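Structural characterization, general
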Amino acid sequence: AQSVTQLDSQVPVFEEAPVELRCNYSSSVSVYLFWYVQYPNQGLQLLLKYLSGSTLVKGINGFEAEFNKSQTSFHLRKPSVHISDTAEYFCAVSDVGAGKLTFGQGTILTVHP
Amino acid sequence: DVKVTQSSRYLVKRTGEKVFLECVQDMDHENMFWYRQDPGLGLRLIYFSYDVKMKEKGDIPEGYSVSREKKERFSLILESASTNQTSMYLCASSSPSREGVVAFFGQGTRLTVV
């Protein structure tokens with residue numbers, strides 16, 4: 001069985017500051033890793049994904065994440081956030097070759113002016 | 001663009017009613033999923049399907065059933081709605097061989113059971 005832990009339920013930051021949203025997972029098999037974003041009253045939108053290859057992956061809106069297999073982590077980072085980045089962020093994992101995702105509890109990022 | 005459409009954004013139903021939540025995708029995806037989203041709990045998988053007329057239980061299937069008669073449509077059924085089923089329901093679809101196995105989500109249905 002897989003599990004995903006997002007270590008922070010809420011992260012407040014000021015505009016233009018850097019941010020890191022932390023995600024740890026557990027799995028006995030090889031995995032794919034994803035970050036999704038949910039803006040208020042909307043569905044989930046993919047930010048970025050790790051399937052294989054380079055452990056540093058870049059996504060939309062200036063976000064990036066680094067896969068660390070030894071620490072079973074997939075932390076999301078952005079060097080300078082905007083007000084429009086205020087949203088809830090979800091880390092997710094799936095077995096390689098499977099389709100179903102296991103999600104973390106979500107992290108609410110609030111960017112203050 | 002992939003489009004996953006859920007039939008209702010908001011629903012209010014009475015306890016004991018039979019409730020149908022409909023989801024349609026237009027990308028010929030093999031996989032379809034129903035998740036439930038609650039604050040602090042993230043998304044939890046209710047049921048999923050890898051093919052027409054095929055279904056498998058997810059992590060929280062109790063009180064729900066599903067139907068997949070056509071490839072593009074996946075329905076979630078609450079046989080007898082209860083107040084603890086008040087939640088946001090999200091449908092998703094994906095293909096194991098396309099778009100990097102990314103799941104695409106609908107806008108969600110916010111169901112209130114009174």
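Now for a description of the structure that goes with this document. These figures come from a predicted structure and were not determined experimentally.

Residue and element names in this part refer to chain B. Read from one edge of the open sheet, 4 strands run S1-S3-S8-S7, paired in antiparallel fashion. The open sheet has two edge strands, strand S1 (4–6) and strand S7 (64–70), and neither has a second partner. Looking at each pair of strands side by side, their axes are set apart by 20° on average, direction ignored. The sheet contact formed by S1 and strand S3 (residues 19–25) spans 3 bridges and is antiparallel. Paired with Gln6 across the bridge in S3 is Cys23.

With that settled, the discussion passes to the pattern of salt bridges. Evaluation of the coordinates by the stated rule reveals 10 salt bridges over all chains. Note that Asp28(B) and Lys71(B) form a salt bridge whose closest N and O atoms lie 3.1 Å from each other. Here Asp28(B) is found in the loop between S3 and strand S4 (31–38), whereas its partner Lys71(B) is found in the loop between S7 and strand S8 (73–78), with 43 residues between them in sequence. Taken together, the shared-partner salt bridges connect Glu20(A), Glu66(A) and Arg77(A) into one network.

With that settled, consider the state of the cysteines. Residue and element names in this part refer to chain A. Using the criterion set out here, one finds 2 disulfides over all chains in the structure. Each sulfur in the disulfide pair Cys23 and Cys91 lies 2.0 Å from the other. Linking Cys23 and Cys91, the disulfide has an S-S dihedral of approximately -65° and is accordingly described as left-handed. On the criterion of sequence distance, the pair formed by Cys23 in strand S4 (residues 23–26) and Cys91 in strand S10 (residues 87–95) is long-range, its members being 68 residues apart.

Basis of the calculations
Residues numbered from 1 in each chain as written. Chains lettered and ligands numbered in written order. Predicted model: local features only at pLDDT ≥ 70, side-chain atom pairs only at ≥ 80, totals over all residues. Heavy atoms only, no water. Pairing = 2+ DSSP bridges. Helix = DSSP H or I, 4+ residues; strand = E, 2+ residues; numbered from the N terminus. Axes fitted to C-alpha atoms, helices over the stretch in contact; angles between N-to-C directions. Salt bridge = Lys/Arg side-chain N within 4 Å of Asp/Glu carboxyl O. Disulfide = S-S within 2.5 Å.

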